[in-house]
Amino acid sequence: MNTKPINSLNSVKHKAAALPTRTIALSLAAALKKLAQTSATARLDGEILLAHVLRKNRAYLRAWPERTLGREERARFHDLIAQRAHGTPIAYLTGRREFWSREFMVTPDVLIPRPETELLIELALSFIPRNKSFTVLDLGTGSGAIAVTLAAERPLARVTATDISEPALQMAQRNAALHRLQNIHFVTSDWFSQLPVRDQFDLIISNPPYIAAGDPHLRQGDVRFEPGIALHSGPSGLDALALIADRARDHLRPGCHLLLEHGFNQAADVKTFLATAGYNRIVHYPDLQGHLRATAATA
Ligand code: GLN
């Protein structure tokens, strides 16, 4: 018969009792040791996770190294460090990630917003006027990082955000509510499938999945924990980009823009898709690493 305690209170106590360290400084040192093998940012990871458990910022940890942790705090920190050692991304452990200076809630149902996607925001904002109504379609919104940022930065814009994933769309809705935005509406849709055929927009924007299905990158680091549906798209990674390039044209007003994020080596393919679909002025833009990461085209 199994005599081990099985209720959760007992197991939390058990974990906490097994932890030898009690102060902030000692807890961080133990975490660093535990993460050093698996994370290139072990010290930072430990600090972020402990600050999260204590509901303080990282400066607090430096100011109060001798503060002792409560039993519950130790248990929670221990558990988060164990998950991080197993590879779980920091953003999923804290449930948050900053994007364009705003906080977004994230869960494993959505891709963690990336700094390179801020390039798409910069370009989109250059197209969206501040003082006029304007319609934007964000395809595959995920956490809502793009849709929410554009709706917040341009209050007169009306943003439609789609996702095929119901849990992702719920996350985007929660992020819109977090930032008190009323100018976004959400549609569960497989790309354009649930949009009325006659719906036309002033800007269509997307960060679709664009990694090749067999790419070894998918088996490394944080992406292992992210939703595959948001990352890979067919054997070459180009399926979603090709579909969007082709179908977006019917949903754009003449002279309006399509804006796509894509892989660092996909600019030429994206250009071919766009040229074939009849767009004008196809322009590629580099990200901060100098990779051609985004392409704009005019309908
Ligand atoms: N840039 C992301 C990565 O390489 C991929 C995002 C995407 O497929 N849209 O992890």
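Here we summarise the structure given alongside this text. (Residues numbered from 1 in each chain as written. Predicted model: local features only at pLDDT ≥ 70, side-chain atom pairs only at ≥ 80, totals over all residues. Heavy atoms only, no water.)

## Concerning the site of the ligand
Definition in use: By convention in this text, a residue qualifies as near a molecule or strand provided that one of its non-hydrogen atoms is within 4 Å of it. N or O atoms closer than or at 3.5 Å make up a polar contact, with two conditions inside protein: a donor-capable atom paired with an acceptor-capable one, and, for residues adjacent in sequence, both atoms drawn from side chains. Shrake-Rupley sampling with a 1.4 Å probe provides the accessible areas, and residues are treated as covered by the protein chains on show and by no other component. Polar here means any residue outside two lists: the nonpolar Ala, Val, Leu, Ile, Met, Phe, Trp, Tyr, Cys and Pro, and the charged Asp, Glu, Lys and Arg; Gly therefore counts as polar.
Close to the ligand lie Arg114, Glu116, Asn207, Pro208, Pro209, Tyr210, Ile211, His217, Val223, Ala230 and Leu231. One of the backbone N or O atoms of proline 208 is found 2.7 Å from a nitrogen atom in the ligand. In the environment of the ligand, a nitrogen atom lies 2.9 Å from a nitrogen or oxygen atom belonging to the side chain of tyrosine 210. Out of a free accessible area of 310 Å², the ligand has 91% covered by protein chains. Among the residues forming the shell around the ligand, the class breakdown is seven nonpolar, two polar and two charged.

## A short note on the side chain of threonine 295
The test is simple: Runs of E in the DSSP output that reach at least two residues are strands. Runs of H or I that reach at least four are helices, and both are numbered from the N terminus. With a 1.4 Å probe rolled over the protein chains alone, any residue whose accessible area is under 20% of its type maximum counts as buried; one over 50% counts as exposed, and the rest are partly exposed. Contacts are assigned to residue pairs with any non-hydrogen atoms lying within 4.5 Å of each other.
As for its position among the elements, threonine 295 is in strand β9 (residues 292-298). The class for threonine 295 is buried, based on a relative accessible area of 0%. A polar contact is formed between the side chain of threonine 295 and the side chain of histidine 262, at a distance of 2.7 Å. A polar contact of 2.7 Å, which involves the side chain of threonine 295, links it to the side chain of histidine 284. If we ignore the near neighbours within four places in the chain, the residues touching threonine 295 are Leu258, Leu259, Leu260, His262, Val270, Leu274, Ile282, Val283 and His284.

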